[in-house]
Amino acid sequence: MEIYKHQYLCQFGTCATVKSMTPEELKEEVEAQIILSNTYHLYLRPGHELVKMAGGLHKFMNWDRPILTDCGGFQVFSLSDLRTISEEGVEFKSHLDGSKHFFTPEKVMEIENALGADIIMAFDECVGYPATYEYTKNSMERTTRWAVRCKEAHKDTDKHGLFGIVQGGMYKDLREKSAKDLVEMDFQGYAVGGLSVGEPKDIMCDVLEHTTQFLPKDKPRYLMGVGTPDYLIEATLRGIDMCDCVLPTRLARHGNALTSHRTINNKK
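Residues numbered from 1 in each chain as written. Predicted model: local features only at pLDDT ≥ 70, side-chain atom pairs only at ≥ 80, totals over all residues. Heavy atoms only, no water.

Let's talk about the pattern of salt bridges
Opposite charge on two side chains permits them to pair, given that their charged atoms come into close proximity. Scanning all chains against the criterion turns up 15 salt bridges. Between R149 and E88 there is a salt bridge, and its shortest N-O distance comes to 3.3 Å. In this pair, R149 is assigned in helix α7 (residues 133-153) and E88 in the loop between β4 (83-85) and β5 (90-93), connecting sequence segments 61 residues apart. On the accessibility criterion, R149 (16% relative accessible area) is buried. By relative accessible area, which is 44% here, E88 ends up partly exposed. One salt bridge connects K177 with D181, and the closest N-O pair in it is separated by 3.4 Å. You can see K177 and its partner D181 sitting in helix α8 (residues 172-185), four residues apart, about one turn around the helix. With relative accessibility at 44%, the residue K177 sits in the partly exposed group. The exposure class assigned to D181 is buried, which follows from its relative accessible area of 18%. Ionic contacts of the salt-bridge type, sharing partners, join the residues K201, E209, D230, E234 and R238 into one network. (Salt bridge = Lys/Arg side-chain N within 4 Å of Asp/Glu carboxyl O. Helix = DSSP H or I, 4+ residues; strand = E, 2+ residues; numbered from the N terminus. Buried < 20%, exposed > 50% of the residue type's maximum accessible area, 1.4 Å probe, protein only.)

Focus: the side chain of H48
Mapped onto the elements, H48 comes out in helix α3 (residues 48-53). Since its relative accessible area comes to 7%, H48 is described here as buried.

Digging into helix α9 (residues 201-212)
Spanning twelve residues, α9 covers 17 Å between terminal C-alpha atoms, matching the ideal 16 Å at 1.5 Å per step. Turning to α9, its buried residues are M204, C205, V207, L208, H210, T211 and T212. Residues of α9 that are buried sit in contact with β8 (161-166), α8, β9 (189-192), β10 (221-223) and α10 (229-237). (Expected span 1.5 Å × (residues − 1). Contact = heavy atoms within 4.5 Å.)

Remarks on the sheet that holds β5
Where strands meet in a sheet, backbone hydrogen bonds hold them as pairs that are either parallel or antiparallel. Taken together, three strands build an open sheet; the order of strands is β4-β5-β6 and the sheet is antiparallel. Where the open sheet ends on each side, the last strands, each with one partner, are β4 and β6 (100-103). This sheet shows a mean twist of 15° between the axes of neighbouring strands, independent of strand direction. (Pairing = 2+ DSSP bridges. Axes fitted to C-alpha atoms, helices over the stretch in contact; angles between N-to-C directions.)

Comments concerning the pairing of β5
Taking every second residue as pointing to the same face, the buried face of β5 carries V90 and F92, while none of E91 and K93 on the other face is buried. Two elements, β4 and β5, share three bridges in a ladder whose sense is antiparallel. Note that in β5 the partner of R83 across the bridge is F92. Linkage of β4 to β5, two consecutive antiparallel strands, is achieved through a turn of four residues. Bridge analysis of β5 against β6 gives four bridges, and the strand direction is antiparallel. Across the sheet, the residue bridging to E91 is F102, located in β6. Hairpin connection between β5 and β6: a loop of six residues separates the two successive antiparallel strands, and G98 in this loop has a positive phi of roughly 80°.

Some details on the environment of A114
Along the chain, the position of A114 falls in helix α6 (residues 105-115). For the pair formed by A114 and E29, sequence separation is 85 residues and the distance between their alpha carbons is 30 Å.

As for α6
Looking only at α6, the buried set comprises P105, V108, M109, I111, E112, A114 and L115. G116, located one to two residues past α6, shows a positive phi value of around 80°.

Regarding the packing of α7 against α8
At a minimum axis separation of 10 Å, α7 and α8 run at an interaxial angle of 10°. When the axis of α7 is compared with that of α8, the two are roughly parallel. On α8, the residues touching Y133, T136, K137, M140, T144, A147, V148 and K151 of α7 are D173, L174, K177, S178, D181, L182 and M185. Each residue belonging to the contact of α7 with α8 can be placed in one class, and the counts come to seven nonpolar, three polar and five charged. (Parallel < 35°, antiparallel > 145°, perpendicular 65-115°, else oblique. Nonpolar A, V, L, I, M, F, W, Y, C, P; charged D, E, K, R; others polar.)

So, the packing of α8 against α9
Packing of α8 against α9 brings their axes to within 9 Å, and their N-to-C directions diverge by 35°. Between α8 and α9 lies a crossing of right-handed hand. Of the residues in α9, those in contact with K172, R175 and E176 of α8 are D206, V207, H210 and T211. Residue composition of the contact of α8 with α9, by class: one nonpolar, two polar and four charged. (Left-handed = near helix turned anticlockwise from the far one by under 90°.)

Structure below.
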């Protein structure tokens, strides 16, 4: 699979749709290059097996351009008191009905392969801010071990490019270690996760700049969960090729518009 290097924003289609927009509007008016869908939400509803039976996400959502699926790590992280992390994986309760589920790296690869996106993400743990050095180190090392398991479980690299996710919180030495270990595994692209999780902007930019220097320039570099204009510029200046965020379309649905200067409320 050949992945081309661009600078773009993933349109966020959490449940296989970008809310309030048709595929035609995304293609012709927005000129969206790629859509991101959410593994956690699609697993719970309508289920990855149903999407597979429908011919994969492209046919399921009538989208003939690239699709990226995240691994569900951030969503599981956001459940906080509804999940338990172990070496094997993460047990969590559905936010829909409280039912119990268990994500392992192998299970996440099974789900993402069934969804059929062009780019899929390795399973990781997203650490919040603030977090102790010891916890962050243990989490980062476990994420690296999970990345190995994801790579071993994911075989169809011609159809679905697998990206590793750099973790390490706000600790530069952990970020460097995580990045170097993932690069040695030779993923088809690399994401920077665990930023923009509540830390000050200057810390985010500093950690991001430190991290990207250890990622190859000839492969895509993806900053997860960032979508405001100022952060997009900061990310691009630090070597990031692609970002994603639910914020632009969420704001638009509530009558707001992002501009280069401020957010405008069109309802006033």
